[in-house]
Amino acid sequence: MPRSVECDVKELLKIVFSGLLPLVIEEVDDEGTELRLCARTPDRPAPCPLCGTHSTKVHAYHQRTLTDTPVDGRTVRVVVRVLRLACRARGCPRQTFREQLPGVLVRYQRRTSRLTAQIGAVVRELAGRAGTRVLSALAVRISKNTALRNLMRLPLPRHPVPRVLGVDDFALRKGRRYATVLTDAVTNTRIDVLPDRTADTLQASLRDHPGIEIVVRDGFAAYAEAIRRARPEVLQVADRWHLWHVRREALIGRVEVRDLRRRPVAAGR
Ligand SMILES: [Zn+2]
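What you see is a predicted model, and the numbers here were worked out from it, not measured in a lab.

So, how was this worked out
- Residues numbered from 1 in each chain as written.
- Predicted model: local features only at pLDDT ≥ 70, side-chain atom pairs only at ≥ 80, totals over all residues.
- Helix = DSSP H or I, 4+ residues; strand = E, 2+ residues; numbered from the N terminus.
- Buried ≥ 20, exposed ≤ 12 C-beta atoms within 10 Å, placed from the backbone.
- Contact = placed C-beta atoms within 7 Å.
- Pairing = 2+ DSSP bridges.
- Axes fitted to C-alpha atoms, helices over the stretch in contact; angles between N-to-C directions.
- Core = buried A, V, L, I, M, F, W, Y, C linked by C-beta atoms within 7 Å.
- Parallel < 35°, antiparallel > 145°, perpendicular 65-115°, else oblique.
- Left-handed = near helix turned anticlockwise from the far one by under 90°.
- Nonpolar A, V, L, I, M, F, W, Y, C, P; charged D, E, K, R; others polar.
- Expected span 1.5 Å × (residues − 1).
- Arc of directions from axis to C-beta.

(A) Region of the structure containing the overall build of the protein. Helix and strand content of the protein: seven helices and 12 strands. Counting across all 269 residues of the protein, residues that qualify as buried make up 19%. Taking contacts inside the protein between residues at least 6 apart in sequence as the whole, the part at least 24 apart equals 47%.

Quick look at the structure:
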């Protein structure tokens, strides 16, 4: 028996936008470089996150705009109508709550879970500008800072505590915001990423890593202070790159001073 055209379109939508299956797609607009979908949550009771009582009593409607994985090299923007439901359980302090769709709608996120996972897979290999360039070629447009924030949110696998720990900073926003990366200095494996480069943060992290014997670090004074405070028995070693950098800067300074001394003073000065 032949299937109706309408049925085929619905099936096709399910195949093309398979990550949005928990939603009811009502409209698809072709806007050139972007596909815009209007969707809603399905009509079914949702549990109150506090007491678990299911409710269908609508308190209000909200609209959320999400970005999903690209289709046909085009950005997929999804406008979803979400319900705020009233909890009917007597005495529940949570009078109203928003519907949640795990795997699609995550609280405060502007991307679907599977797009976030894809971004994570790219930035894990190519952080910063390289990652944003690859993602842009795949029609996922994010800033370098967003790429770094995604990288920072990725859960790290548990590594054994290294005997020799490397501590170095890197710029999240050059000249303004820095983070700290901890590595196993022998295997060059990333151990942890700290959200800033303050002494307090590094100190707390070092206390969580007993067993470290040597820390290889740059010349940043806050790091030296944190290591002294948290693990005074640990041997601190300046890393080779920073040692050479300091020597080079000192040498350039001396050459410039000598150069100035040799330069003839202009008449009248
Ligand atoms: Zn409740």
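So that's the structure; there's more coming.
(B) Quick peek at unusual backbone geometry. Despite not being glycine, Ala139 shows a phi value in the positive range, around 70 degrees. As for its placement among the helices and strands, Ala139 is situated in the loop between α3 (128-137) and α4 (144-153). Backbone geometry at Asn188 places phi at a positive 60 degrees, although glycine is not the residue there. Looking at the element boundaries, Asn188 is found in the loop between β9 (177-184) and β10 (189-194). With 8 C-beta atoms counted inside 10 Å, the residue Asn188 sits in the exposed group.

(C) Local environment of the sheet that holds strand β8 (residues 164-173). The five strands lie next to each other as β10-β9-β8-β11-β12, forming an open sheet whose pairing is mixed. Edge strands, defined here as strands with exactly one partner in the open sheet, are β10 and β12 (235-238). Within the sheet, the average angular offset between the axes of one strand and its neighbour, ignoring direction, is 30 degrees. With four bridges connecting them, strand β11 (residues 214-217) and β12 associate as parallel partners. Each residue of the ladder has a partner; that of Val215, found in β12, is Gln236. On top of the sheet, helix α5 (residues 199-207) reaches β8, β9 and β10; it is set at about 130 degrees to β10, its chief contact.

(D) Main features of the nonpolar core. Counting 13 residues, the largest nonpolar core has Leu165, Val167, Ala226 and Ile227 as its most contacted members. Sorting the residues of this core by element identifies β8, α5 and α6 (221-230) as the ones contributing at least two each. Here Leu165 is in contact with Leu182, Ala185, Ile212 and Val215, once residues within four sequence places are set aside.

(E) View of the packing of helix α2 (residues 113-125) against α3. Where α2 meets α3, the closest approach of the two axes is 8 Å, and the angle between their N-to-C directions is 135 degrees. With respect to α3, the element α2 is oriented oblique. Crossing of α2 over α3 shows right-handed handedness. Contacts from Ile119, Val122 and Val123 of α2 reach α3 at Gly131, Val134 and Leu135. Here the contact of α2 with α3 is built from residues that sort into five nonpolar, one polar and no charged.

(F) Focus on the packing of α2 against α4. At a minimum axis separation of 9 Å, α2 and α4 run at an interaxial angle of 95 degrees. In terms of orientation, α2 lies roughly perpendicular with respect to α4. Residue-level inspection shows Ile119, Gly120, Val123 and Arg124 of α2 in contact with α4, the latter providing Ala147, Asn150 and Leu151. Across the contact of α2 with α4, the residue classes tally to four nonpolar, two polar and one charged.

(G) Main features of the pairing of strand β5 (residues 58-71). Relative to strand β6 (residues 74-86), β5 runs antiparallel, the two being bridged by 11 bridges. Its bridge partner lying in β6, Ala60 is registered against Arg84. Between the end of β5 and the start of β6, which pair antiparallel, lie two residues, with Asp72 showing a positive phi angle near 55 degrees.

(H) Representation of the environment of Glu225 within the structure. Tracing the backbone through its elements, the reader meets Glu225 in helix α6. Through-space distance from the C-alpha of Glu225 to that of Asp200 is 9.2 Å; in sequence the pair is 25 residues apart.

(I) Representation of α2 within the structure. The first and last C-alpha atoms of α2 sit 19 Å apart over 13 residues, in line with the 18 Å expected at 1.5 Å per residue. Buried residues of α2: Leu115, Ile119, Val122 and Val123, and no others. Along the axis of α2, the buried residues cluster in a sector spanning 95 degrees; they form a single face. Turned more than 90 degrees off the buried face of α2, the exposed positions are Ala121, Arg124 and Glu125. The secondary structure elements touched by the buried residues of α2 are β5, α3 and α4.

(J) Looking closely at α4. Every buried residue belonging to α4 is among Ala147, Leu148 and Asn150, and all of these are buried. Viewed along the axis of α4, the buried residues span an arc of 160 degrees, placing them on a single side of the element. For α4, the elements touching its buried residues are α2, α3 and β8.

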